Structures are given as structure tokens and as C-alpha cells.
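Commentary on secondary and tertiary structure
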Amino acid sequence: MVESRVVSLARLAGATHDREGDLKPAHAKTVVVTDDNEDLRSYAATVIEQRGHRVLAVAGGAETLDAFSRERVDLLVLDVMMPDMDGYETLSRLRAAGHTRLPVIMLTAQDSDDAVISGYHAGADYYVTKPYKSSTLLNIVDYLIGDLPADERAALAAKL
């Protein structure tokens, strides 16, 4: 099995800090998970819901834009390859619509250097390749929107 590659703006390293268990945020956040593959979308949604967050699982770029027009969203987990609108275009449209501070995790099978660079140019905060460990996704979610004490946030940041 190929190990996932997590690429952050700060470092090129994989997350290893495992925080599995019953950790729940003090304030649940709303997360949109966009993936055209129903099984992968459901898996990511379930992993994030384990942290106590509310997840809106959608199948494509157009549905993502619609969700943002109806909801206040705290985090976007976004696939790249989708039939109606790819993740780069979806993210570019969200940024142009004023969602400039929204944390975004691109979660995709696209692992070329060009794809990673395109993800960051579109405005992604993290780029994670499939397959990935659930703990990797949760570490990034916790870092971006979790209610972590300062020392835990610093320790997690050092690993991401």
C-alpha cells in the first residue's frame, strides 16, 4: 500500500500524532466534504464526525458552492478530480466569492508535484494524497479548526 503524502505550506512531512478516541471540540464546527466517490466521501465524513463536527457531504463542485451559499462553513475537505467542476476551479470560485480565510484540505489521488503546486495556487492549506490514514486527516482537522490548548497546537504544528 502506498503511504499518503501530506504536503503543508510549512513542511513536507507526514503527520504521525495519533489522537484517536473520544476527543470532542468544545464547539462543533461545520465541515463540507466534497468527493464524487460516494465511499470515499462517506469515509472522510465519518472520520470527521468522530470529532463531533457537523459534516455536509456533497458530490461535486456545484454542490459545494451551493452549500456555501446556504451555510456558514468552517472547513472544506475537497477532492480534485470531479466530473462537474474540478477542485481547483471550485476553490478558486470560493476564494473569489470572498471565502479567503476558509481553511481547505485538498484530499486527492493526484500526487504529482504539479498537482500539489496547483492546489496551493488555488488556495489550499494542506494537500493530502489518497490513500491516507484517518489519524492524518484528523490531525490536520484538529490543527485547522480544533479547540486545542496552545501546547498541543504547537506540538501538532511541529509534526504537520
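Starting afresh in each chain, residues are numbered from 1 along the sequence in its written order. Where totals are concerned, whole chains, interfaces and linings use all residues; where local detail is concerned, this predicted model gives features only for residues with pLDDT of at least 70, and gives and counts side-chain atom pairs only at 80 or more. Remark: hydrogens and water are excluded; side-chain values derive from all non-hydrogen atoms of the structure.

Attention now moves to the pairing of strand E3 (residues 54–58). We call two strands paired when DSSP finds no fewer than two bridges between them. Only DSSP runs of H or I covering at least 4 residues are called helices, and only runs of E covering at least 2 are called strands; the numbering of each starts at the N terminus. When strand E2 (residues 30–34) meets E3, the two strands line up parallel, connected through 5 bridges. Note on E3: the bridge partner recorded for Thr 30 is Arg 54.

So, on to the side chain of Thr 64. Along the polypeptide, Thr 64 turns up in helix H2 (residues 61–70). The contact rule is simple, with two residues in contact once any of their heavy atoms fall within 4.5 Å. Sequence-distant contacts of Thr 64, defined by excluding residues within four places in its chain, comprise Val 32, Thr 34, Val 58, Leu 76, Thr 90 and Leu 94.

The end-to-end C-alpha distance of helix H5 (residues 134–145) is 16 Å, a good match for the 16 Å that 12 residues give at a rise of 1.5 Å each. Each residue gets one of three labels from its accessible area relative to the maximum for its type: buried under 20%, exposed over 50%, partly exposed in between, using a 1.4 Å probe on protein chains only. The buried fraction of H5 amounts to 9 of the 12 residues, a majority that puts the element mostly inside the structure. Along H5, the positions that sit buried rather than exposed are Ser 135, Thr 136, Leu 137, Leu 138, Asn 139, Ile 140, Val 141, Asp 142 and Ile 145. By this rule the span expected of a helix is its residue count minus one, scaled by 1.5 Å.

This brings us to the confidence of the model for the chain. Any segment with low pLDDT has predicted coordinates that should not be analysed in fine detail. The predictor's confidence in any single residue is recorded as pLDDT, a number from 0 to 100. Per-residue confidence for the chain averages 85 on the pLDDT scale, and 84% of its residues sit at or above 70. Within the model, pLDDT remains below 50 along residues 1–5, and this stretch shows 15 contacts once partners closer than five positions in the same chain are excluded.

Moving on to the pairing of E2. Counting buried residues along E2, 5 of its 5 residues qualify, which places the element largely inside the surrounding structure. Every second residue of E2 is oriented toward a common face, with Thr 30, Val 32 and Thr 34 on one face and Val 31 and Val 33 on the other, all of them buried. Regarding topology, helix H1 (residues 38–49) serves as the crossover connection from E2 to the parallel E3, and that connection is right-handed. Note that E2 and strand E4 (residues 75–78) share 4 bridges and pair parallel. Bridge pairing links Val 32 to Leu 76 in E4. For a crossover, the right-handed case is the one in which the path from the first strand over the helix to the second runs clockwise, viewed with the strands pointing away from the viewer.

Another aspect to go through is unusual backbone geometry. Between Lys 130 and the following residue, Pro 131, the backbone shows a cis peptide bond with an omega angle of -5°. In this structure, Pro 131 sits in the loop between strand E6 (126–129) and H5.

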